[in-house]
Each structure stands twice: as structure tokens, then as C-alpha cells.
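# Survey of secondary and tertiary structure
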Amino acid sequence: MTTKADLTSSEIANLWIAYIDMNAMVIKLKYVLKIMEDTEIRPIIEKTNQVSESSLNQLKQIFNKENFAMPLGFTEADVNLAAPRLFSDTFFLVFLQNKMDMNLNAYSMALSHATRPDIRHFFQECLTTSIQIFNEATDMMLAKGIYVRPPFIPTPKSVDMTERQSFLSGWLGNKRPLTAIEIDQLFFSISRNALGHALLLGYSQVAKSKEVREHMRRGADIAKKHVEIFSKILLEEDIPAPMIWSRKIEDTTISPFSDKLLMFEVAGTTEAGIGYYGRSLSAAQRRDLGAHYLKAITDSLLFGEDAANITIKNAWLEEPPQAIDFSKKVKG
């Protein structure tokens, strides 16, 4: 007779992260559905809300069965349904598509790190629904003409092997053209930062605390700087760069979300951004690109550390599950 194994540290970590993230999503979507006017986008938002609520209920069942302390997360107090529109409907669509992109990375890792069949099944379902919503959001962006396609380059007609060390150069002399891999990473680094710039600019406009407003404004400035740096690299080779989204922000100072929820969302996107930069760094084969990505990672790490200090000071940071601290154990 076999018994069900205990949760591993990896499973505990990813279940805990998934709970708080889905909890935050459900709270945010209450506001989005309240102000959503576009009848074509609305069904995608409604589907996302239904999927998030269903997954959250599954997580609660897992937590109860395992005697796993339920995270505090967020409540109705963290959303203001009477707040006016802050972003356009199309901005929410682009934001959702980007969020699903982040979910694809998070859930695929959670699935590959899970051991128990029931936990693997849960994250497989999360991954499947995230793929579906990502595809629907992308198709809608294409239909509305707001999806910015990556640049086109000639299709390879032959296979060439690199024979010179100059392939790695990038500081002095003639730089080789960017590879398709490098263009891909640059383009989506710009896209994510352009979206982040608009998001942070909007949040800096409505956050209640002066400290949080200033932090959001600083983040918007960092994102704008990164857009400019990476766009310049593409434009130097006559390759188009993605557009900025700041025009989609409405003129309001009333926040739809608590400062705690604003900080949580920005912390999550910053953490994901660092991961994306790490991937871009590993794919960069020109030294100048590597240096830019390292600087971007440093900027993001410092910004993220300041965010953590703000959330700790305001008692907003919920501690993740931890291992036993044996140094505090008193020997009998």
C-alpha cells in the first residue's frame, strides 16, 4: 500500500507563489470588468477571471488537505470598484497578454519542479489555460491592429559557420549585424519596458503614499531609459523598435488598487524582468549587448531591493515558507 508523499520544498514554493499571484489577479480583474467597455475584449477578461477563480479554489483545497497555512494575500479592501478608468481597454488587453507570457514561464518551471502527480496536473492545467488566453489575447491584438510584430529580416538561404573571433566584438571598429536571436531579445526587452513604463507612470499618478508614488516614478524612468538604450541599438541598424504605451493613461488621481497591491504587482514584473534580462544576456554574442544587459539587471535589482524595503516598512511583505532554523533550536 502506498501513501501520498509530503509536498517538497519546490512544490510548497510554487503553490505559495501561485496562490498569491492568482489571488491578486482575481482582485484586479474585479476592477477591470467594472470599467471594461470593449465588447470584443471583455469575453477574454471574463474567461481569465473564471479560470483564475477556479485555480484559486483548487489551491485552497490543496492547502486545506495539506494543513498548509493559507497566505493572507489580498482582499476586497485592496480594490476600489468606484475608481474611474486609469488605462484604456486596449492597454488592459496588452497587459493581459504580457501577464500570460509571464505565466508561461512561471508555470512551466513549476511543472518541471513538481514531483507529485496531483501537483504536476494542477500546474499543467494552469499552463494550458495560460496558453489559451495568451493566444486569444494575441489574436485580438492582431485583429485590432495593436500588435507590433517583431522586425522582418531575410530568410537564410545558406548555412555559414563563424570563423573569426570578431563575431563577439561590439565595442570598437565595425560591428557585425545583429543576429536574429539578438534582435528577438532586444525587441521584446523594449516591448516589456514600454509596457512597464506606461504601467508605472499610471501607478505613480494614483498611488496614495508619496514614497510609493516616487518609487513608481523612478521605475518609469528606469524603464524609459532601457527602452531608449535598446531602441538605439536596433535603430542604428535601421531596424524598427516597438511603440511606447504612455498615451493610454487617463487623467485621474484616484487609485483602483491599494498601495500594497500596486507594490506587489510592480515587484512581480521587476522580478520577471530580471529573469528575461538573464535570458537575453545568455543569448547575446556581441560584447556590447552583454554589457547593456548586465547594467539593466543591476538597475532592476537595485529597484527591486528598494521595493522590498518599502513593503517591509509598511508590513506588506508576506514571508514565504521557510526551512527550519536549527540555530534557534534549544538543545534538551
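Our structure is the block above this text.
Quick summary incoming for the structure in this document. (Residues numbered from 1 in each chain as written. Predicted model: local features only at pLDDT ≥ 70, side-chain atom pairs only at ≥ 80, totals over all residues. Heavy atoms only, no water.)

Along its length, the protein chain carries eight helices and zero strands. If you list the helices and strands of the protein chain from N to C, you get α-α-α-α-α-α-α-α. The C-alpha atoms of the protein chain give a radius of gyration of 22 Å, which matches the 20 Å a tight globule of 332 residues would have. In terms of principal-axis extent, the alpha carbons of the protein chain reach across some 65 × 50 × 40 Å. Relative to its full complement of 332 residues, the protein chain shows a buried share of 45%. Once local pairs closer than 6 in sequence are excluded, the contacts in the protein chain between residues at least 24 apart make up 85%. For the protein chain, the exposed surface amounts to about 18,200 Å²; the carbon and sulfur share of it is 56%. Once the 38 positive and 40 negative side-chain charges of the protein chain are each reduced to a mean point, those two points are 2 Å apart. (Helix = DSSP H or I, 4+ residues; strand = E, 2+ residues; numbered from the N terminus. Rg over C-alpha atoms; globule rule 2.2 N^0.38 Å. Buried < 20%, exposed > 50% of the residue type's maximum accessible area, 1.4 Å probe, protein only. Contact = heavy atoms within 4.5 Å. Areas by Shrake-Rupley, 256 points an atom, 1.4 Å probe, with all protein chains shown as cover. Lys, Arg positive; Asp, Glu negative; His and termini not counted. Charge placed at Lys NZ, Arg CZ, Asp CG, Glu CD.)

A few words now on the layout of surface pockets. Roughly 1,300 Å³ of internal volume is contained in the largest pocket. Ile 17, Phe 264, Ala 267, Gly 268 and Glu 271 are the residues nearest the centre of the largest pocket, which is lined by 44 residues in total. Elements that contribute at least two residues to the lining of the largest pocket include exactly helix 1 (9-35), helix 3 (89-113), helix 7 (259-283) and helix 8 (287-313). (1 Å grid on protein atoms, 1.4 Å probe; cavity = no way out; pocket = protein on both sides within 12 Å on 5 of 7 lines; lining within 4 Å. Points joined across faces, edges and corners; volume = space filled by probe spheres on them.)

Turning our attention to the packing of aromatic side chains. Overall, the coordinates contain 14 aromatic pairs when judged by the stated rule. Centre to centre, the rings of Phe 63 and Phe 68 are 4.1 Å apart; their planes meet at 10°, and the pair counts as stacked. The pair formed by Phe 63 and Phe 68 is uniform in burial state, with each residue classed as buried. Geometrically, the ring pair formed by Tyr 277 and Tyr 293 is tilted, given 6.3 Å between the ring centres and 45° between the ring planes. Residue Tyr 277 is found in helix 7, and its partner Tyr 293 is found in helix 8; the two are separated by 16 residues along the sequence. (Phe/Tyr/Trp six-rings, centres within 6.5 Å; stacked < 30°, edge-to-face > 60°.)

Throughout the structure, instances matching the rule amount to four cavities of 30 Å³ or more. Quantified by volume, the largest cavity comes out at close to 430 Å³. What lines the largest cavity is a set of 23 residues, and nearest its centre among them are Arg 192, Asn 193, Thr 269, Thr 270 and Gly 273. Class assignment of the residues belonging to the lining of the largest cavity gives a composition of twelve nonpolar, ten polar and one charged. Considering only enclosed or pocket space, the second largest cavity measures out at about 160 Å³ in volume. Around the second largest cavity sit 17 residues that line it, and Lys 28, Val 32, Phe 92, Phe 95 and Glu 265 are the ones nearest its centre. Elements that contribute at least two residues to the lining of the second largest cavity include exactly helix 1, helix 3 and helix 5 (180-206). Take the lining of the second largest cavity: its biggest share by element is five residues, from helix 1. When the residues that make up the lining of the second largest cavity are grouped by side-chain class, the tally is 15 nonpolar, no polar and two charged. (Nonpolar A, V, L, I, M, F, W, Y, C, P; charged D, E, K, R; others polar.)

The next thing to look at is the environment of Met 263. Relative to the helices and strands, Met 263 resides in helix 7. Remark: the alpha-carbon pair of Met 263 and Thr 311, spanning 48 residues in sequence, is separated by 7.3 Å. Other than its neighbours up to four places away in sequence, Met 263 contacts Val 212, His 215, Met 216, Ala 307, Ile 310, Thr 311 and Trp 316.

Quick look at the pattern of salt bridges now. In the structure shown here, the tally under the stated rule is 20 salt bridges. A salt bridge links Glu 46 to Arg 42; the nearest nitrogen and oxygen atoms lie 3.1 Å apart. Note that Glu 46 and Arg 42 are positioned in helix 2 (residues 42-65) at a spacing of four residues, about one turn of the helix. The class of Arg 42 is partly exposed, set by a relative accessible area of 27%. With its nearest N and O atoms 2.8 Å apart, the salt bridge here joins Glu 182 to Arg 176. Take Glu 182 and Arg 176: they sit in the same class, and that class is buried. Linked by salt bridges that have partners in common, Glu 37, Arg 85 and Asp 89 make up one network. (Salt bridge = Lys/Arg side-chain N within 4 Å of Asp/Glu carboxyl O.)

With that settled, the discussion passes to the side chain of Gln 185. One can find Gln 185 in helix 5. Given a relative accessible area of 13%, Gln 185 falls into the buried group.

With that out of the way, let us pick up the packing of helix 3 against helix 4 (residues 117-143). The axes of two packed helices give the description: the angle between them and the distance between them. Remark: helix 3 packs on helix 4, axes separated minimally by 8 Å, with the N-to-C direction vectors making an angle of 155°. It follows that helix 3 is roughly antiparallel to helix 4 by the angle criterion. Pair helix 3 / helix 4 crosses with left-handed handedness. (Axes fitted to C-alpha atoms, helices over the stretch in contact; angles between N-to-C directions. Parallel < 35°, antiparallel > 145°, perpendicular 65-115°, else oblique. Left-handed = near helix turned anticlockwise from the far one by under 90°.)

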